[in-house]
Amino acid sequence: MVSFVMAYSFTEPDNITEEDSHDEAGSKPPPMMVPMADILNHVANNNAQLCFGRESLKMVATKSIKKGEEVFNTYGHLANWELLHMYGFAEPYPNNHYDTVDIPMSLLHKVAQEGRFNEELKLLEEKWQFLKSMSIVEDSGMFVVGTEGVMTEEELYQTLKVLFLSKAEFNDLKENEGWMESDDDEDTDILTNDAITRLPAEWKVLLERVAREKMCQINCNSLEEDEKLLKSEKWTRISSRQRYSLYVRYGQRQILLKLVQLCKR
């Protein structure tokens, strides 16, 4: 079944020209099946990719490939958890530079509530409801953090900005119906790893606490125990299922650990 789904996924892309996308009768070509394409393995650092032509599907090298070296395709910019869910495998850390970890928006809300009481807690709840009304956060939403920084950068940046507004600033924001002035640095809301280190200190304190809490929620062994397992003889005896599961959680913990380190700078 997996092979069938994989083969069926090689359909003509949407980014072809209008002239090429219709046949003589003016209808869009039907989906194509290319079963042999399933034999191509994936790595994030691929050395080839599939290219669609008018009458063919070609595997084209994207870098020099030595004689005897395996040709690797890419199935897309997929995190380890997505690879495991869709294709049944994952890449060892740090091979997958597309790896990510999801942090529930509700977790940030929960951590932000800690240590707040009475009027301060009431103000926080007003801010959170405001963010929900602006569709910036939602109860089941996720902040996504990757190897190079936060991928849901706008949502997280605006959330932190609102949560740390003073009462007067928040009242002004509500009067302006959610409109906020742009920061002097137009790149401030791009939360790359480097930009995270330049965030206000109180923002970083909250982010660090959230990252640590998320690390604690990842089940099974601790980061230290996983590192020992990777270096031990037992590693060669575990099943592929256990190995890929470890790749997923170890990679996610490394991303979270990196976030913690960035917030401490």
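Placed above this text is the structure.
Residues numbered from 1 in each chain as written. Predicted model: local features only at pLDDT ≥ 70, side-chain atom pairs only at ≥ 80, totals over all residues. Heavy atoms only, no water.

Participant: Break down the pairing of strand β5 (residues 100–104) for me, citing the residues and quoting the values.
Facilitator: Taken across its five residues, β5 has four buried, putting it largely inside the fold. When β5 meets strand β6 (residues 142–146), the two strands line up antiparallel, connected through five bridges. Along β6, the bridge assignment pairs V101 with V145. (Buried < 20%, exposed > 50% of the residue type's maximum accessible area, 1.4 Å probe, protein only. Helix = DSSP H or I, 4+ residues; strand = E, 2+ residues; numbered from the N terminus. Pairing = 2+ DSSP bridges.)

Participant: Tell me about the sheet that holds β6, and name the residues and values.
Facilitator: With antiparallel pairing, the three strands of this open sheet are ordered in space as β5-β6-β7. The two strands at the open ends of the sheet, each matched to only one other strand, are β5 and β7 (149–150). Of the strands in this sheet, β5 and β6 touch helix α3 (residues 105–113), which is tilted by about 55° from β5. (Contact = heavy atoms within 4.5 Å. Axes fitted to C-alpha atoms, helices over the stretch in contact; angles between N-to-C directions.)

Participant: Hey, could you go over the nonpolar core for me, with residue numbers and the actual values?
Facilitator: Residues I103, L108, L156, L163, I196 and L206 are the most contacted members of the largest nonpolar core, which totals 41 residues. Listed by contribution, the elements that provide at least two residues to this core are β5, α3, α4 (118–133), β6, α5 (153–163), α6 (167–175), α8 (201–217) and α10 (240–263). When residues no more than four places from it in sequence are discounted, the contact partners of L108 are W128, F143, L156, T159, L160, L163, L206 and V210. Within the second largest apolar cluster, nine residues are counted, among which are A90, L246, Y247 and Y250. (Core = buried A, V, L, I, M, F, W, Y, C linked by side-chain atoms within 4.5 Å.)

Participant: Break down the packing of α4 against α5 for me, citing the residues and quoting the values.
Facilitator: At a closest axis distance of 9 Å, the pairing of α4 and α5 adopts a crossing angle of 150°. Comparing the axis directions of α4 and α5 gives the class roughly antiparallel. In the packing of α4 onto α5, the handedness of the crossing is right-handed. Between α4, through L124, K127, W128, F130 and L131, and α5, the contact on the second element is made entirely by Q158, T159, V162 and L163. For the contact of α4 with α5, the class distribution of residues is six nonpolar, two polar and one charged. (Parallel < 35°, antiparallel > 145°, perpendicular 65-115°, else oblique. Left-handed = near helix turned anticlockwise from the far one by under 90°. Nonpolar A, V, L, I, M, F, W, Y, C, P; charged D, E, K, R; others polar.)

Participant: Any chance you could break down the packing of α3 against α5 for me, citing the residues and the numbers?
Facilitator: Contact pair α3 / α5: the axes reach a minimum separation of 12 Å and the direction vectors enclose 20°. Between α3 and α5, the angle is such that the two are roughly parallel. Seen from above, α3 lies across α5 with right-handed handedness. Contact with α3, carried on its side by M105, L108 and A112, involves E155, L156, T159, L160 and L163 of α5 and no other residues of that element. In terms of residue class, the contact of α3 with α5 is made up of six nonpolar, one polar and one charged.

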